[in-house]
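# An overview of the molecular structure
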Amino acid sequence: MKKTALIFLILLFLVSKNTFALTGEELLKKAEDAMNAPQDREVTDKMVLVKKDGSQKQREIKVYQKGNHKRLLIFLSPADVKGVGFLSLSDDEMYLYLPAFRKIRRIASHIKNEDFMGTDFSYEDLAETEYTDDYAATLKDEGENAYILELKPKENADVSYSKQLMWVDKETYIPKRTEYYSKSGMLIKVMTAESIEKIDGYWFPRKMTMETVKSGHKTLLELVEIKHDSGLGDDFFSQRNLKRQAR
Amino acid sequence: MNHMILLIQSNFTFLEPIMLLLIVFLLFLGFRKAGGVFLPLTIVFLSITWALGLMGWFGMSVDMLSGIMPVILIAMASADGIHIMRRYYEKRQSGIMGTAAIKETFFELSKPIIITTVTTIIGFLSLVSSNFSVIRQFGLVTSLGVFLALVVTVLLIPAVLAFSKSTKNIKRESGKKAGEFKFMEHWAGFVFSKKIFIFLLMGLIVIAAVIGIPKIKKSVDWTLCLRRGSKAHQAEILLRREFGGTVPVQIIVKGDLKDAHTMKAMRYLERYLEAVPSVGEIHSIATIISEMNDTMNDRYLVPESNEGVANLWFLIEDEDVVEQLVREDKKEALIQAKIDSWETDFISGAVNQIDKFIEKLSKRLIVVELKDVLPEAKKALLRFRQERITANLFRTFSKRDMIIEKEKIETIVNDALFRENLREEGYAEVKQEVIDYLLSERSEVGNISKESAEAIAENLLKGVRKDGEIGTDVILRVVTSILSNQPNFLNRKESNLDDLNELSKSLDVIIRENIAELRVESALEEIKKLVRPGSIRRRELLRDLKGDLWEINESFIALDKQRHQELLIDLDIPKIREVPLSFEHTGLAAVLNKMEEELIPTQILSLFIAFAAVVIILALIFRSLLLGLLGVIPITMTLLVNFSIMGYFDIGLDSFTAMIASIAIGLGIDTDVHFISCLRREFSKHKDEFLALKETMKTTGVAIIINAIAVGVGFAVLLLAGGQHIRRFGGLASLTILLSAFFTLTVLPAIILLVKPKFMRKGGNK
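No experiment lies behind these values; they were computed from the predicted model shown.

## A look at the overall build of chain A
- Scanning chain A from terminus to terminus reveals 5 helices and 13 strands.
- Sequence-distant contacts, at least 24 apart, represent 45% of the contacts inside chain A between residues at least 6 apart.

## Digging into the overall build of chain B
- Counting its secondary structure elements, chain B contains 26 helices and 6 strands.
- Going through the 766 residues of chain B one by one, you find that 56% of them count as buried.
- Of all intrachain contacts in chain B linking residues separated by at least 6 positions in sequence, the fraction that spans at least 24 positions is 80%.
- Of the accessible surface of chain B, which amounts to about 33,600 Å², a share of 60% is contributed by carbon and sulfur atoms.

## Things to note about a nonpolar patch on the surface
All names here are of chain B.
- Taken together, the side chains of Phe 190, Phe 197, Leu 201, Leu 204, Ile 207, Ile 211, Tyr 648 and Phe 649 make up a nonpolar region of the molecular surface, amounting to roughly 830 Å² of accessible area.
- For the nonpolar patch, the leading source of residues is helix H7 (residues 195-212), giving 5 residues.
- Here Phe 190 is to be found in helix H6 (residues 176-193).

## As for the pattern of salt bridges
Residues and elements named next belong to chain B.
- A complete count under the given rule lists 54 salt bridges over all chains for this structure.
- A salt bridge links Arg 400 to Glu 540; the nearest nitrogen and oxygen atoms lie 3.4 Å apart. With Arg 400 in the loop between helix H14 (375-399) and helix H15 (406-418) and Glu 540 in helix H20 (residues 539-550), this residue pair connects regions lying 140 residues apart in the sequence.
- Look at the salt bridges and you will find they share partners, linking Arg 271, Glu 274, Lys 399, Arg 400, Glu 540, Arg 543, Asp 544 and Asp 548 into a network.

## A closer look at the environment of Leu 21 of chain B
- Mapped onto the fold, Leu 21 of chain B is located in helix H1 (residues 2-31).
- Taking the C-alpha atoms as reference, Leu 21 of chain B lies 8.6 Å from Gly 714 of chain B; in sequence the two are 693 residues apart.

## Description of the sheet that holds strand E1 (residues 247-255) of chain B
Residues and elements named next belong to chain B.
- Strand order in the open sheet made by the 6 strands is E2-E3-E1-E6-E4-E5, with antiparallel pairing throughout. Here the strands that pair on one side only, and so sit at the sheet edges, are strand E2 (279-283) and strand E5 (556-560). Looking at each pair of strands side by side, their axes are set apart by 30° on average, direction ignored.
- Pairing analysis gives 6 bridges linking E1 to strand E6 (residues 575-586), with the strands arranged antiparallel. Of the residues in E6, the one forming a bridge with Ile 251 is His 585.

## Some remarks on the packing of aromatic side chains
- Scanning the model with the defined rule gives 15 aromatic pairs over all chains in all.
- Taking the centre distance of 5.2 Å and the plane angle of 85° together, the rings of Phe 116 of chain A and Tyr 123 of chain A count as edge-to-face. There is no split in this pair, since Phe 116 of chain A and Tyr 123 of chain A are both buried.
- On the basis of an interplanar angle of 70° and a centroid distance of 5.4 Å, the ring pair of Phe 236 of chain A and Phe 237 of chain A is categorised as edge-to-face.
- A residue is classified by how much of its surface remains accessible, and Phe 237 of chain A, at 3% relative accessible area, is buried.
- Here the aromatic cluster, defined as three or more aromatic residues joined through ring pairs, consists of Phe 75, Phe 86, Phe 116 and Tyr 123 of chain A together with Phe 314 of chain B.
- Between Lys 195 of chain B and the ring centre of Phe 192 of chain B, over which it is positioned, the NZ or CZ distance is 4.5 Å.

## A short note on the nonpolar core
- Counting 111 residues, the largest nonpolar core has Leu 27, Leu 639, Phe 675, Leu 693, Met 697 and Phe 715 of chain B as the members making the most contacts within it.
- When residues of this core are assigned to their parent elements, the largest contribution, 15 residues, is made by helix H26 (residues 724-755) of chain B.
- With near-sequence residues (within four places) excluded, Met 697 of chain B lies in contact with Met 184, Trp 187, Ala 188, Val 191, Phe 675, Val 702, Leu 745 and Pro 749 of chain B.
- Membership of the second largest hydrophobic core comes to 91 residues, among which are Tyr 131 and Tyr 180 of chain A together with Leu 315 and Phe 583 of chain B.

## A look at the pairing of strand E3 (residues 332-339) of chain B
Residues and elements named next belong to chain B.
- Burial of E3 is extensive: 6 of the 8 residues sit out of reach of the surface.
- Bridge count for E1 against E3 is 8 bridges, and the pairing is antiparallel. Within the sheet, the bridge partner assigned to Val 253 lies in E3 and is Ala 333.

## Re helix H2 (residues 24-35) of chain A
All names here are of chain A.
- For H2, built from 12 residues, the straight-helix expectation of 16 Å at 1.5 Å per residue is met to within 8% by its first-to-last C-alpha distance of 17 Å.
- Along H2, the residues classified as buried are Gly 24, Leu 27, Leu 28, Ala 31, Glu 32, Ala 34 and Met 35. Viewed along the axis of H2, the buried residues span an arc of 160°, placing them on a single side of the element.

## Some points on the interface of chain B and chain A
- At the junction of the two partners, chain B supplies 35 residues and chain A supplies 28 residues.
- Taking both sides of the interface into account, the surface hidden between chain B and chain A amounts to around 3,000 Å²; carbon and sulfur atoms contribute 48%.
- Our enumeration of links across chain B and chain A arrives at 11 salt bridges.
- Between chain B and chain A we count 21 residue pairs in polar contact (both at pLDDT 80 or more) in total.
- At the level of elements, helix H10 (285-297), helix H11 (306-316) and helix H19 (497-530) of chain B are the ones that each hand at least two residues to the side of chain B that touches chain A.
- Taken together, the residues of the side of chain B that touches chain A sort by class into 9 nonpolar, 10 polar and 16 charged.

## Details of H14 of chain B
- Given a rise of 1.5 Å per residue, 25 residues ought to cover 36 Å, and the 36 Å separating the end C-alpha atoms of H14 of chain B matches this to within 8%.
- Just past H14 of chain B, the residue Asp 401 of chain B takes up positive phi, approximately 60°.

## What about the packing of H10 of chain B against H11 of chain B?
All names here are of chain B.
- Two elements in contact, H10 and H11, have axes separated by 10 Å at closest approach and are oriented at 100°. It follows that H10 is roughly perpendicular to H11 by the angle criterion. Seen from H10, the contacting residues are Ile 285, Ile 288, Ile 289, Met 292, Asn 293 and Met 296; seen from H11, they are Val 309, Leu 312, Trp 313, Leu 315 and Ile 316.
- Of the residues belonging to the contact of H10 with H11, the class tally is 10 nonpolar, 1 polar and no charged.

## As for the environment of Ile 115 of chain B
All names here are of chain B.
- Along the polypeptide, Ile 115 turns up in helix H4 (residues 98-125).
- Of the residues examined, Ile 115 reaches a relative accessible area of 13% and is grouped as buried.
- A C-alpha to C-alpha distance of 9.2 Å links Ile 115 and Ile 669, two positions 554 residues apart in sequence.
- In this structure, Ile 115 is in contact with Ile 621 and Val 673, ignoring residues within four places of it in sequence.

The rules behind the values
Residues numbered from 1 in each chain as written. Chains lettered and ligands numbered in written order. Predicted model: local features only at pLDDT ≥ 70, side-chain atom pairs only at ≥ 80, totals over all residues. Heavy atoms only, no water. Helix = DSSP H or I, 4+ residues; strand = E, 2+ residues; numbered from the N terminus. Contact = heavy atoms within 4.5 Å. Buried < 20%, exposed > 50% of the residue type's maximum accessible area, 1.4 Å probe, protein only. Areas by Shrake-Rupley, 256 points an atom, 1.4 Å probe, with all protein chains shown as cover. Patch = residues over 30% accessible without salt bridge, like charges linked within 9 Å, V, L, I, M, F, W, Y side chains within 5 Å. Salt bridge = Lys/Arg side-chain N within 4 Å of Asp/Glu carboxyl O. Pairing = 2+ DSSP bridges. Axes fitted to C-alpha atoms, helices over the stretch in contact; angles between N-to-C directions. Phe/Tyr/Trp six-rings, centres within 6.5 Å; stacked < 30°, edge-to-face > 60°. Lys NZ or Arg CZ within 6 Å of the ring centre and 35° of its normal. Core = buried A, V, L, I, M, F, W, Y, C linked by side-chain atoms within 4.5 Å. Expected span 1.5 Å × (residues − 1). Arc of directions from axis to C-beta. Buried area = accessible area lost by both parts, 1.4 Å probe. Polar contact = N/O pair within 3.5 Å; in protein donor to acceptor, adjacent residues only side chain to side chain. Nonpolar A, V, L, I, M, F, W, Y, C, P; charged D, E, K, R; others polar. Parallel < 35°, antiparallel > 145°, perpendicular 65-115°, else oblique.

Here it is, written out as structure tokens:
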């Protein structure tokens with residue numbers, strides 16, 4: 001009897017482990033869902049570019065987001081670049097608007113991994129939130145507050161990183177830290193998210209930092225204003241509206 | 001440059017011990033006594049150590065020239081020791097005992113030794129007049145070393161000699177020693193009997209020198225400092241071939257870099273740089289912005305508006321390349337280029353050309369607008385623009401070694417600037433562009449029907465054909481009136497006034513740009529006719545030509561102040577703004593050029609100063625101006641031969657070979673003083689010219705020969721060095737030392753015997 005009880009306990013344990021533990025894939029999906037939970041989102045950020053020597057430059061940006069792919073970003077300040085805009089419809093359909101020339105240019109896919117306007121984000125970083133499309137995740141480790149996922153690009157995925165390590169917050173499923181590795185396996189950038197708060201029922205970090213390891217250059221994003229679910233239509237994310245928002 | 005300095009230093013650290021060993025060997029051959037080797041070398045060793053130590057204390061660093069200082073000290077400092085030891089052994093051999101021998105030696109020699117040292121110090125101190133800190137430091141450090149050598153010589157040597165308790169008589173050796181004396185006696189006899197012949201030979205040498213010296217090239221190829229086949233040399237050659245040279249040219253631009261016209265002025269200078277032979281790889285924020293503009297707007301030039309510059313700059317803000325080229329405050333930028341040569345001839349040619357051009361550039365630009373000026377003023381402005389564009393186009397071609405008649409380019413540019421009308425197909429193309437835009441999803445106003453789009457385009461182009469250009473007001477009126485006729489249009493959400501306004505502005509840009517594009521295109525077609533068909537195929541050339549020509553469309557012109565006054569003072573054109581800016585040429589090329597330019601006058605000046613000093617000092621020492629003048633003759637001869645060898649054998653004058661003159665003077669004066677004072681002493685003793693000469697030859701003469709051979713062969717070791725510069729230096733220095741001894745022992749006595757200064761006359765010297 002004792003023996004059967006033990007076997008039963010062991011079985012129960014095994015079953016429970018299988019039932020309740022999440023796989024890397026599931027966790028990544030959860031993270032993605034947490035980040036893209038609202039219908040749409042309208043964020044005003046203070047952006048600070050910090051050089052290694054500590055000198056800073058400030059900008060203000062407005063970002064509209066709908067679903068996993070649609071993004072529209074406008075620079076509000078400084079004055080001489082007000083209206084410079086960026087539209088992303090998918091990870092290979094991105095546009096740039098320069099108001100001084102009244103011209104929209106499609107961004108060639110080969111510059112996707114270049115820095116976006118002096119920030120530490122690449123065009124790809126800005127466009128990408130649908131990780132499960134391009135990356136396969138495995139659970140590498142589990143810390144006290146976070147799951148550590150290792151993301152490797154899927155076959156034929158057109159991405160510029162060889163690996164990402166992602167610390168997914170256990171409570172909110174928002175990635176608290178992401179490490180980006182180059183094709184040659186070097187750590188190139190680190191993104192951290194702080195002050196994750198529930199706003200309008202959605203988790204969102206009030207502060208985000210992207211740091212380029214080699215240069216020590218940093219981009220800080222501080223939340224100024226946020227609006228959720230205001231019903232942005234698909235035609236909001238159009239070239240026409242990119243120009244209009246830039247006015 | 002660092003690797004070169006390292007190489008030079010490693011040459012010396014490797015070769016100096018070999019030099020020293022060789023000198024030890026030769027000194028031993030000369031003296032056959034340990035003391036004869038040991039004491040002169042002690043002087044050398046101590047003075048070098050002290051001098052280097054003091055350099056360290058004063059925070060001086062060992063550079064290319066002061067690295068030679070130990071080598072020179074080996075030559076200079078050992079000479080006194082050799083003379084002393086020679087005389088000391090002489091005294092001992094003639095039976096004088098220990099302390100007495102020392103006393104007599106120093107009694108006879110301290111005057112010439114102190115004199116020679118002082119003159120040497122003066123010789124090297126004359127280098128302090130140089131404009132180059134490197135040469136100044138070399139002069140200071142070396143004269144310091146020579147002074148320290150004197151201190152060691154007069155304090156240490158008598159002390160050490162006094163310690164050596166040996167009182168036994170040094171026997172005059174028969175055999176070899178006797179042969180040595182015989183040789184010197186023969187030598188004296190030869191000089192005594194053949195003085196006229198020697199004098200004539202001297203004349204021949206002077207003539208040869210007068211022919212040879214002007215052939216000296218003032219040119220330095222810095223790669224000669226590197227051993228052929230060495231890694232550094234290979235890297236250098238590879239760099240030159242693959243990357244357009246390695247001598248950097250840098251021009252600092254000061255001004256408001258956010259101003260499009262500052263950048264345009266930079267480009268204008270850069271266009272000039274590109275056309276200078278062997279200058280290439282030009283890089284600056286202005287080239288980056290032009291490239292960005294090429295990507296965004298398909299034209300390789302700095303955009304006309306400050307907003308355009310700001311927008312493009314924004315895309316690359318904070319990138320490393322930009323940081324290297326522009327200061328954070330955007331008030332100072334760098335234009336970088338490279339010269340594809342290390343020949344100083346070439347470098348200085350290019351640098352002078354660049355400097356001259358920069359000098360002519362205005363420090364203040366005045367920006368005016370072409371719009372709304374009187375026809376007369378417009379004509380003047382366009383003429384100015386035509387000159388600019390023509391110059392740029394010409395440079396675009398000459399950069400690629402394509403020579404095209406300026407007049408032909410001028411005609412084409414003129415046509416493009418003053419032509420009002422486009423060809424008919426051109427208007428059709430513009431019209432189609434307008435229709436395409438109105439129907440595209442980029443258009444500020446959506447849902448425009450095909451009919452409305454066509455009507456708008458038709459109307460706008462009518463205006464363009466009539467007036468050349470139309471403003472946004474007209475466009476707005478046309479667009480509004482046509483769209484208001486489109487059924488149900490003005491009720492739509494998108495069609496508010498703001499959108500219509502913006503649409504008009506966009507259409508204005510589209511029309512202007514397309515017309516501009518067409519004008520440039522037709523001018524480009526004309527340009528293509530000037531060259532062989534098919535020779536403009538390279539994308540980069542087309543890009544440059546288009547960028548050059550694009551300026552015909554611009555609505556602002558930046559004039560320099562003088563031009564502004566010439567052209568426009570009577571025409572009263574409103575100034576849009578003033579753009580102050582300045583250019584300053586720096587970089588290695590400019591420095592090298594300055595160095596080479598100043599090297600020769602510096603050297604000649606210090607040579608004259610040294611000569612004058614030598615004459616004065618010799619005259620004071622011997623209380624006879626005549627002797628002072630006679631004393632410099634061997635030095636002069638040595639220098640003449642040295643320089644004519646450089647002329648005949650195509651050895652360029654550079655910082656190294658120029659040093660030879662200092663060495664020749666320094667060494668020459670030493671041997672002169674020793675020789676003359678000995679001859680004078682012997683003459684007052686014997687009152688017989690021939691006997692005095694024979695005795696001088698046997699004592700001082702032998703010391704001079706030992707010294708010359710030891711040090712001369714020592715310098716010859718440098719012939720084994722890696723760098724050609726050092727090899728040449730070593731060879732020339734060695735030759736100079738041997739020649740200097742030779743002339744002192746032939747020309748100097750011959751002349752003295754011919755001229756017969758006061759001391760040579762019966763009862764002459766007191």
